[in-house]
Amino acid sequence: MESHSISSTVSRTATTGRGLGIALWAAQIALAIVFALAGGMKVSTPAAELAKMAPGFPLALLRFIGIAELAGAIGIILPALTRIAPVLTPLASSGFVIVMASAGVLHLVRGQYGELVVVIVLGALAYFVAWGRFKRAPIARRERDGITGLHLDEGRQS
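Computed from a predicted model, the values in this text were never measured in an experiment.

### Concerning the overall build of the protein
- The helix and strand tally for the protein stands at 6 helices and 0 strands.
- For the protein, the N- to C-terminal ordering of α and β elements is α-α-α-α-α-α.
- Within the protein, the fraction of its 158 residues that count as buried is 28%.
- The contacts of the protein with a sequence gap of at least 6 include a subset with a gap of at least 24, amounting to 66%.
- As displayed, the protein offers around 10500 Å² of accessible surface, 68% of which is attributable to carbon and sulfur atoms.

### A word on helix 6 (residues 116-136)
- Given a rise of 1.5 Å per residue, 21 residues ought to cover 30 Å, and the 28 Å separating the end C-alpha atoms of helix 6 matches this to within 8%.
- If you check which residues of helix 6 are buried, you get Leu116, Val119, Leu122, Gly123, Ala126, Val129, Ala130, Gly132 and Arg133.

### Some words on the side chain of His107
- Position of His107 relative to the elements: it lies in helix 5 (residues 88-110).
- The exposure class assigned to His107 is buried, which follows from its relative accessible area of 16%.
- A distance of 2.6 Å separates the side chain of His107 from the side chain of Gln112, its partner in a polar contact.

### What about the pattern of salt bridges?
- Inspection of the entire model under this criterion finds 1 salt bridge.
- With a closest N to O distance of 3.0 Å, Glu69 and Lys42 form a salt bridge. Placement of the pair is Glu69 in helix 3 (residues 59-75) and Lys42 in helix 1 (residues 2-44), with a sequence separation of 27 residues. Judged on exposure class, the residue Glu69 and its partner Lys42 are both buried.

### Focus on the packing of helix 3 against helix 5
- Packing of helix 3 against helix 5 brings their axes to within 8 Å, and their N-to-C directions diverge by 145°. For the pair helix 3 and helix 5, the sense of crossing is left-handed. In this structure, helix 3 contributes Glu69, Gly72, Ala73 and Gly75 to the contact, and helix 5 contributes Leu88, Thr89, Ala92 and Phe96.
- Of the residues in the contact of helix 3 with helix 5, the class split is 4 nonpolar, 3 polar and 1 charged.

### Regarding the packing of helix 5 against helix 6
- Running from N to C, helix 5 and helix 6 point in directions that differ by 155°, and their axes come no closer than 8 Å. The orientation of helix 5 with respect to helix 6, classified from their angle, is roughly antiparallel. The handedness of the crossing between helix 5 and helix 6 comes out as left-handed. On helix 6, the residues that touch Thr89, Pro90, Leu91, Ser93, Ser94, Phe96, Val97, Met100, Ala103, Gly104, His107 and Leu108 of helix 5 are Leu116, Val119, Leu122, Gly123, Ala126, Tyr127, Val129, Ala130, Arg133 and Phe134.

### Quick word on helix 5
- Taking 1.5 Å of rise per residue, 23 residues should cover 33 Å, and helix 5 covers 33 Å from first to last C-alpha, within 8% of that figure.
- Listed in full, the buried residues belonging to helix 5 are Thr89, Pro90, Ala92, Ser93, Phe96, Met100, Ala103, Gly104 and His107.
- Gly111 lies just past helix 5 and shows a positive phi near 75°.

### Points about the environment of Leu106
- One can find Leu106 in helix 5.
- Take Leu106: its relative accessible area is 30%, and that puts it in the partly exposed class.
- Through-space distance from the C-alpha of Leu106 to that of Leu116 is 9.7 Å; in sequence the pair is 10 residues apart.

Conventions adopted
- Residues numbered from 1 in each chain as written.
- Predicted model: local features only at pLDDT ≥ 70, side-chain atom pairs only at ≥ 80, totals over all residues.
- Heavy atoms only, no water.
- Helix = DSSP H or I, 4+ residues; strand = E, 2+ residues; numbered from the N terminus.
- Buried < 20%, exposed > 50% of the residue type's maximum accessible area, 1.4 Å probe, protein only.
- Contact = heavy atoms within 4.5 Å.
- Areas by Shrake-Rupley, 256 points an atom, 1.4 Å probe, with all protein chains shown as cover.
- Expected span 1.5 Å × (residues − 1).
- Polar contact = N/O pair within 3.5 Å; in protein donor to acceptor, adjacent residues only side chain to side chain.
- Salt bridge = Lys/Arg side-chain N within 4 Å of Asp/Glu carboxyl O.
- Axes fitted to C-alpha atoms, helices over the stretch in contact; angles between N-to-C directions.
- Left-handed = near helix turned anticlockwise from the far one by under 90°.
- Nonpolar A, V, L, I, M, F, W, Y, C, P; charged D, E, K, R; others polar.
- Parallel < 35°, antiparallel > 145°, perpendicular 65-115°, else oblique.

So this is what it looks like as structure tokens:
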């Protein structure tokens, strides 16, 4: 009887962990798409048009933000996917939290309250990923030979 409750507890914990992992990956993908699109727009839009979209901001700052958003979109997915330096994933997400907090302050100061909903949702998603990947479901770093299962030394004699 006791072993049944232990196995059901372990099963429940594994399911919760799996559910959390799926939720984190979904959030990471959503953030990557949103920030890749936003960054791509800031980088590729002609200067005159970009100046009209964001009056009062220097073009160089807008381009820098676009490049940072593109880098963050890559950083929130690629290190976790390849398991090479996976700590970069929650760091990228933490960067998005800072960007969204700054955007929130900007929209508040400008009285653009409608935009705050999107900013809050994206900031919360970014915080969720940072928390999840730092604390609850960190991604283990790939071992040198472990990921492929290949043993290149098998033919060598010691």
